[in-house]
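# Survey of secondary and tertiary structure
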Amino acid sequence: QVQLVESGGGLVQAGASLELSCAVSGGALVAFALSWFRQAPGKEREFLASISKTTAWSSGTTFYADTAKGRFTISRHSGKNTAYLYMTDLQPEDTAVYYCAARGDGEIYRTARKYEYWGQGTQVTVSS
């Protein structure tokens with residue numbers, strides 16, 4: 001059974017950097033599409049970034065939402081079967097629960113309902 005576990009969240013001051021981790025078990029992460037979403041209290045779940053499956057001709061295509069582009073970076077370490085979201089210049093509006101999600105077919109989407117595997121989330125709080 002595929003399981004995803006997020007970690008690395010916490011309380012930071014505005015302008016700080018933070019790296020979130022998503023440990024995957026029960027499947028090879030390189031064969032999945034992996035995305036990061038976030039959800040603030042009272043708001044809908046928001047797409048942040050995706051990385052597609054690895055093929056013979058590509059190490060994976062990345063795609064970022066406008067809110068994440070330039071500040072957030074998605075990556076993965078195949079040996080550790082772990083994906084990452086590196087965030088810089090965090091601001092109070094970035095405060096949310098951050099989730100990782102995976103699709104077994106390796107195709108990336110920006111819609112939360114397209115992902116069959118989800119972690120439980122990790123809280124990121126940014127103070128001013």
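Just so we're clear, the structure is a prediction, and the values are computed from it rather than from any experiment.

By the bridge criterion, five bridges tie strand β1 (residues 3–7) to strand β3 (residues 18–25) in an arrangement that is antiparallel. By the bridge assignment, L4 is partnered in β3 with V24. Note that β3 and strand β8 (residues 82–87) share six bridges and pair antiparallel. Bridge pairing in β8 places L18 opposite M87.

This part takes up the state of the cysteines. For the coordinates displayed, the defined rule picks out one disulfide. In this model C22 forms its disulfide with C100; the gap between the sulfur atoms is 2.1 Å. Its S-S torsion of about 70° marks the bond between C22 and C100 as right-handed, since a negative value means left-handed. Here C100 lies in strand β9 (residues 96–103) and C22 lies in strand β3, a separation of 78 residues in the sequence.

A complete count under the given rule lists seven aromatic pairs for this structure. Seen in terms of ring centroids, F32 and Y117 are 6.2 Å apart; in terms of plane orientation they differ by 35°. Their pairing is tilted. Here the residue F32 occupies a position in the loop between β3 and β4 (33–39), and Y117 occupies one in strand β10 (residues 117–118), the gap between them amounting to 85 residues. The buried category is assigned to F32, whose relative accessible area is 8%. When its relative accessible area of 27% is taken as the criterion, Y117 is described as partly exposed. With a centroid separation of 5.1 Å and an interplanar angle of 45°, the aromatic rings of F37 and W118 are classed as tilted. Residue F37 is found in strand β4, and its partner W118 is found in strand β10; the two are separated by 81 residues along the sequence. Here F37 falls in the buried class, since its relative accessible area comes to 1%. Given the relative accessible area of 25%, W118 is considered partly exposed. One aromatic cluster is present, formed by F37, F47, F63, Y99, Y115 and W118 through successive ring pairs. Lying across the ring of Y99, R45 places its NZ or CZ 3.9 Å from the centre. For R45, the ring lying beneath its charged end belongs to W118, and the centroid distance is 4.9 Å.

Cut-offs and rules
- The numbers attached to residues start from 1 for each chain and follow its sequence in the written order.
- Local features in this predicted model are restricted to residues whose pLDDT is 70 or higher, and side-chain atom pairs enter the listing and the counts only when it is 80 or higher, whereas totals over whole chains, interfaces and linings include all residues.
- Hydrogens and water molecules were not included; the side-chain quantities draw on all heavy atoms of the structure.
- We treat two strands as partners when DSSP finds at least two bridges between them.
- We count a stretch as a helix when DSSP gives it H or I for four or more residues in a row; a strand needs E for two or more, and each element gets its number in order from the N terminus.
- Note that a disulfide, as used here, is simply two cysteine sulfur atoms within 2.5 Å.
- Between 30 and 60 degrees the pair is tilted, below 30 it is stacked and above 60 it is edge-to-face, where a pair is any two Phe, Tyr or Trp rings, Trp via its six-membered ring, whose centres lie within 6.5 Å.
- The buried label applies to any residue whose accessible area, calculated with a 1.4 Å probe on protein chains only, is under 20% of its type's maximum; exposed applies above 50%, and partly exposed to all values in between.
- When the NZ atom of lysine or the CZ atom of arginine is within 6 Å of a ring's centre and also within 35 degrees of its normal, the charge is said to sit over that ring.

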